[in-house]
Amino acid sequence: MELELKLLWAAIVLYVLGGSLAIGGVVLAKRPERTVLGFILGGWVLHTAALLVRWERLGHGPFVSMFEILSSNIWSLLLAFSIAYWRIPQIRASAAVVMPILFVMMGWLMLTSPGESHLPRSFVTPWLYIHVGLGKVFLGAMLVAVGLAGVIQLRRTRVGQAKFQRLPDDRKLDDLAYRCMALAMIFNALMLVAGAIWAQDAWGRYWAWDPLETWAFITWLLLAFSLHLRVTFKPAPRLSSSMAFVVFVIAFLTFFGVPFISSGPHQGTF
C-alpha cells in the first residue's frame, strides 16, 4: 500500500500545481496553458500507476469503497477535462472553475480511509465495467459543461467579466455547454440501460426503484428537462447554465452519496 499511496499523493501534488497555475493564469491574465496541461497529465500518469498498483494488490478494480470511487472518478474526470482542454482551446480558462471542484474531491479523498475492500460476488460481471465506464463519461461531460456554466455565471460580476473577457461570448459558451450536456444525456441513458441488464443478471430484476436507481432516474429526468427547456424556450445563457449546475449537483450526490447511505444492493458502483 505504501507505493500506491506515494504515487497517489505525488499525483495530487501535480494536480494541485496545475490547477493553481490555471487559476493564477486567469487572475493574472497569463496563459500558462501548456504548463497546466503538462502538470495535469503528469499527475494523471502517476494516478494511473497508483490505481494499477492497487488493482494488482487487491485483485479488483476501484469500484467498492469510497476511497476507490473518489480516486477513480478524480482520475476519469481529469481525463475527460484534459481532453476537452487540449482539443478546445477556447474553453481553457474554465479550468479556473473546474479545478476547485476537483480540489474538493481530492481533499475528501485524503480524508478517506484507503483500507482494503472486497468485491461482492454480484460485481463479478463484464456489465460492471460497461456500466461504470458509461457513468464516468457522463459525469466527465457534465463537468466540462459545469466549467463553461461557471464562466457564464462569473461574468455576471465585474471581476469575472474582466478575467474571462478573452473567452467566447456567453451564447457560444452556452452552446458548447449544451453539446456537452447532450453527450452526457446519451451516456447517462446508456448507463441506465447497462445497469438494468446487470441488475437482471445479479439480482433477477431489471429495475426495483431502490434509492440509487431512483436518484439515477431523477438525474436523467433533470438532464432531459434542462435540454428540452433550452431547445424549446431558448432561455438566456445565465438561466440555462444554472440548469447545468443543478444537474451536476444531483449527479454528484447520486454518485458519491446515495450508494453509501442506502440499504439497497448498490454499495459503491461508480
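Residues numbered from 1 in each chain as written. Predicted model: local features only at pLDDT ≥ 70, side-chain atom pairs only at ≥ 80, totals over all residues. Heavy atoms only, no water.

(A) Region of the structure containing the packing of aromatic side chains. Applying the stated criterion across every chain, the model contains 17 aromatic pairs. Plain terms: the ring middles of Trp55 and Phe63 are 5.9 Å apart, the flat faces sit at 80° to each other, and that makes the pair edge-to-face. Overall, Trp55 belongs to the partly exposed group, its relative accessible area being 33%. A relative accessible area of 6% means that Phe63 is categorised as buried. Look at Phe252 and Phe256: their rings are 4.7 Å apart centre to centre, the planes differ by 50°, and that puts the pair in the tilted class. (Phe/Tyr/Trp six-rings, centres within 6.5 Å; stacked < 30°, edge-to-face > 60°. Buried < 20%, exposed > 50% of the residue type's maximum accessible area, 1.4 Å probe, protein only.)

(B) Highlighting helix H3 (residues 66-87). Between its terminal C-alpha atoms H3 stretches 31 Å, which fits the 32 Å expected from 22 residues at 1.5 Å a residue. Of all 22 residues making up H3, 16 are buried, and the element is well covered by its neighbours. (Helix = DSSP H or I, 4+ residues; strand = E, 2+ residues; numbered from the N terminus. Expected span 1.5 Å × (residues − 1).)

(C) Main features of the layout of surface pockets. Estimated volume of the largest pocket: approximately 580 Å³. Contributing to the lining of the largest pocket are 26 residues, with Trp75, Ser76, Leu79, Lys136 and Val137 lying nearest its centre. For the lining of the largest pocket, the secondary structure elements donating two or more residues are helix H2 (33-58), H3, helix H5 (126-154) and helix H7 (170-203). Here the element with the most residues in the lining of the largest pocket is H5; it accounts for eight residues. Here the lining of the largest pocket is built from residues that sort into 19 nonpolar, five polar and two charged. (1 Å grid on protein atoms, 1.4 Å probe; cavity = no way out; pocket = protein on both sides within 12 Å on 5 of 7 lines; lining within 4 Å. Points joined across faces, edges and corners; volume = space filled by probe spheres on them. Nonpolar A, V, L, I, M, F, W, Y, C, P; charged D, E, K, R; others polar.)

(D) Main features of the environment of Ala194. Summarising the element assignment, Ala194 is placed in helix H7. For Ala194, a relative accessible area of 3% corresponds to the buried category. For the pair Ala194 and Ser113, spaced 81 residues apart in sequence, the C-alpha to C-alpha distance is 30 Å.

(E) Looking closely at the side chain of Asp210. You can see Asp210 is positioned in the loop between H7 and helix H8 (211-233). Polar contacts involving the side chain of Asp210 include one to the main-chain amide nitrogen of Leu212, which spans 2.9 Å. (Polar contact = N/O pair within 3.5 Å; in protein donor to acceptor, adjacent residues only side chain to side chain.)

(F) Representation of unusual backbone geometry. Despite not being glycine, Ala29 shows a phi value in the positive range, around 60°. Within the secondary structure layout, Ala29 lies in the loop between helix H1 (2-27) and H2. Look at Ala29 and you get exposed, because its relative accessible area is 62%.

(G) Up close: the packing of helix H4 (residues 95-110) against helix H9 (residues 237-256). At a minimum axis separation of 14 Å, H4 and H9 run at an interaxial angle of 15°. Judged by the inter-axis angle, H4 sits roughly parallel to H9. When you trace H4 past H9, the crossing you get is right-handed. Taken together, the residues of H9 that come into contact with H4 (itself represented by Ile101, Met105 and Trp108) are Phe248, Phe252 and Phe256. Here the contact of H4 with H9 is composed, by residue class, of six nonpolar, no polar and no charged. (Axes fitted to C-alpha atoms, helices over the stretch in contact; angles between N-to-C directions. Parallel < 35°, antiparallel > 145°, perpendicular 65-115°, else oblique. Left-handed = near helix turned anticlockwise from the far one by under 90°. Contact = heavy atoms within 4.5 Å.)

(H) How the structure looks around the confidence of the model for the protein. Of all residues in the protein, 96% have pLDDT values of 70 or greater, and the mean over the chain is 91. Model confidence for the protein, summarised as mean pLDDT per element, is weakest for helix H10 (residues 258-261) at 72 and strongest for H2 at 96. (pLDDT = per-residue confidence, 0-100.)

(I) Local environment of the packing of H7 against H9. Closest axis-to-axis distance for the H7/H9 pair is 10 Å, and the angle between their directions is 30°. In terms of orientation, H7 lies roughly parallel with respect to H9. Both H7 and H9 take part in a crossing whose hand is left-handed. Side by side, H7 and H9 meet where Asp170, Arg171, Asp174, Met181 and Met191 of the first sit next to Pro237, Ser240, Ser241, Ala244 and Phe255 of the second.

(J) Geometry of the side chain of Gln153. Checked against the element boundaries, Gln153 lands in helix H5. Residue classification places Gln153 among the buried positions, given a relative accessible area of 19%.

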